[in-house]
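Listed here are the chains, written in short residue letters.
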Amino acid sequence: MPDSNQPLLAVEDLKVHFRISKGFLFGKKVGAVRAVDGVSFAVERGETLGLVGESGCGKSTTGLGIIQMPRPTSGKVLFDGVDLTQIDSETLRRTRRHLQMVFQDPYASLNPRLTVEKIIAEPMVVHDLEQGSAVRERVRELLHLVGLDPRVITRYPHEFSGGQRQRIGIARALAANPSFIICDEPISALDVSIQAQIINLLKDLQEQFNLTYLFIAHDLAVVRHFSDRIAVMYLGRIVELANRSDLYDTPKHPYTRALLSAVPLPDPKRERQRERIILKGEVPSPIRPPKGCHFNTRCPLAKTICFEEAPEIRDFSGHQVACHLVQ
Amino acid sequence: MGEPLLRVEGLRTIFQTSKQVVTAVSGISYSVDAGETVGIVGESGSGKSVSMLAVMRLVPSPAGRITEGRIWFQGRNLLDLNPAEMRAVRGKDIAMIFQDPMTSLNPVLSIGKHLVEPLKLHLGLTTTQAKTRAVELLQMVGIPDAANRLNDYPHQFSGGMRQRVMIALGLSCNPKLLIADEPTTALDVTIQAQIIDLVKRLRREFGMSVIWITHDLGIVAGLVDRVIVMYASHVVETASVDDLYEDPRHPYTLGLLSAIPRLDAAERTRLTPIPGKPPDLSNPPKGCPFAPRCGFSTADCLSEKPTLREVAPGHFSMCHLELSKQAFISLREVRVNA
């Protein structure tokens, strides 16, 4: 029996490495892209954990590692107490019903040959949830729920705008009555005036169905608005994890501080006065991450120890940081 | 104040297919002074990029056509120039950098070839002189080991580095006007900060005017002197950057500002989205283009298109209701409570 006190999802030392091989067919392994290199976090029931970082930091791969697509290289993914990395694919398939995803690109994530009805009904069919006319009834109900006219069920994805397609993607995610939804950059492909519509919709649905979200995004203002707690990732690792106000008001990790100071504010007066930390260089390759702290090549504060030893993540009354220099 | 560097008057650009005519830019006017940085803000399809392609005379033809208007640049109407004269302006006096540096650089030409060509063509440098200058330009935009990277191809550079190459290319002939079309949209936020910092520094050094096209109201706040807001092929508001953010006079601008989550907001408040979606430009609404989505529209707004009027000194808005931000907000509260 699931214990309602334990977190809905607990990820322990998750690693997802992609093998690089050389030679045709039976190529031998010559290296690995360490996309996710040991991350741990928990998501409590009903909360939203934001996962933020720049492109290539491993935030999306973390999401994919949770749903076991691909199977992680090592680590545990405990969903409702069950380790998804240990169960067989049939059990996994049945468990995935509770774990759904909303993708970034509403153009690429809907099959252009299927009608809206087929798209949204698919999870119900796969998981054998509804039969016959009940399926159509439920599709209509879901469309209504996400703010679309239920009469559109016979249409195809190309007949919709980006914002409407994202609503269809959300309806599909809800079709199997999941408890946990991974939202991977759900608004970054949308126009500014549409983004707020989708943010508000996701929030309303969370309240209505007591959903738990992992919200993956690169936009720090959106993540702050949406999440209860936030994890900041850099080059395959979590560098800082704290609740919203702690992270944004008193960021401890030098990377988080630089990231926050790089976000432009829509306020000309404050922009002129702001001190901006401009990081030098770029994110190193995850094939050969730097020795020691992954951030040491760009960190304005790096000391000798940062080049020698990888910092452990340490807890300061609920505010976790992986930095040698934080006391 | 003398004649502005760039003055666009009544510019209209259409795209015609066998089935329909789409008005991408409907009779817009604005000007850019020498040394001024202007931000053009709008969503996809608002006409912001097409209006700049028109200035460069690069509107894709035969589908796209400039049907009306004049584009005055240094005393000449660019629309009167023949192709050879226009080529002499393009890249030399007016340079443009694009959103995606991968598709705007030629993948089979080295970075050196990209940089040397305009220097020889526009400035008449010899190959050796041009190469020396190319290395200087790459150093100026912060490309490490510039001399050795001249022979590298675009795919050997990261996204941020490619955008730096694009900027070096844009600045190679000391343009008077640099048009930047969403140059940081494809980049990460820390790299975006580097590029914005670079453009700010180079703008000072070169004393050029910059037009920065973006959908991000945050970027322009710290970068530009004046903002032009475009919606559905129209300029709906233009003002100095301080006035625009402090006292937006067009409901669309106000809507955009309340629809984005802000890092500097005190607490989480529910966002106020703009309902609906932008109009179909092949069949635009008869009255104000924003009226179908506007929370304040009246019968007038739906039947008659407003003109861009000066609502405060230097502050123009295309709205029948000449209200202040405060008036809009109280009006909105009244509606919500009712």
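Residues numbered from 1 in each chain as written. Chains lettered and ligands numbered in written order. Predicted model: local features only at pLDDT ≥ 70, side-chain atom pairs only at ≥ 80, totals over all residues. Heavy atoms only, no water.

Caption draft 1: View of the interface of chain B and chain A. Between chain B and chain A, the residue contacts involve 44 residues of the former and 44 residues of the latter. At the boundary of chain B and chain A, one finds four salt bridges. A salt bridge links Asp 264 of chain B to Arg 270 of chain A; its shortest N-O distance comes to 3.9 Å. Between chain B and chain A we count 18 residue pairs in polar contact (both at pLDDT 80 or more) in total. Put simply, the parts of the chain that give the side of chain B that touches chain A at least two residues each are α7 (159-171), α8 (189-206), α9 (217-221), α10 (241-246) and α11 (251-259) of chain B. At seven residues, α8 of chain B tops the list of elements feeding residues into the side of chain B that touches chain A. (Contact = heavy atoms within 4.5 Å. Salt bridge = Lys/Arg side-chain N within 4 Å of Asp/Glu carboxyl O. Polar contact = N/O pair within 3.5 Å; in protein donor to acceptor, adjacent residues only side chain to side chain. Helix = DSSP H or I, 4+ residues; strand = E, 2+ residues; numbered from the N terminus.)

Caption draft 2: Local environment of unusual backbone geometry. For the peptide bond that leads from Met 69 of chain A to Pro 70 of chain A, omega is 5 degrees, which places it in the cis range. Here Pro 70 of chain A is to be found in the loop between α1 (59-66) and β4 (74-79). Cis rather than trans, the peptide bond between Ser 61 of chain B and Pro 62 of chain B has omega equal to 10 degrees. Of note, Pro 62 of chain B is situated in the loop between α1 (48-55) and β4 (64-73). If you check the backbone angles, Ser 317 of chain A has positive phi at about 35 degrees while not being a glycine. For Ser 317 of chain A, the location among the structural elements is in the loop between β11 (314-316) and β12 (319-321).

Caption draft 3: Just the confidence of the model for chain B, in detail. Residue and element names in this part refer to chain B. Within chain B, residue pLDDT values average 90, and 98% of them lie at 70 or more. Looking across chain B, the model is least confident in helix α13 (residues 325-337), with a mean pLDDT of 70, and most confident in strand β9 (residues 226-231), with 97. Model confidence for the complex: the whole-complex pTM is 0.89, and ipTM, which rates the interface, is 0.86. (pLDDT = per-residue confidence, 0-100.)

Caption draft 4: Just the sheet that holds strand β2 (residues 28-43) of chain A, in detail. Residue and element names in this part refer to chain A. Taken in spatial order, the four strands of this open sheet run β2-β1-β4-β5, and their pairing is antiparallel. Single-partner strands in this sheet number two, and they are β2 and β5 (82-83). Pairing analysis gives five bridges linking strand β1 (residues 9-22) to β4, with the strands arranged antiparallel. Among the inter-strand pairings, Val 11 is bridged to a residue of β4, identified as Val 77. (Pairing = 2+ DSSP bridges.)

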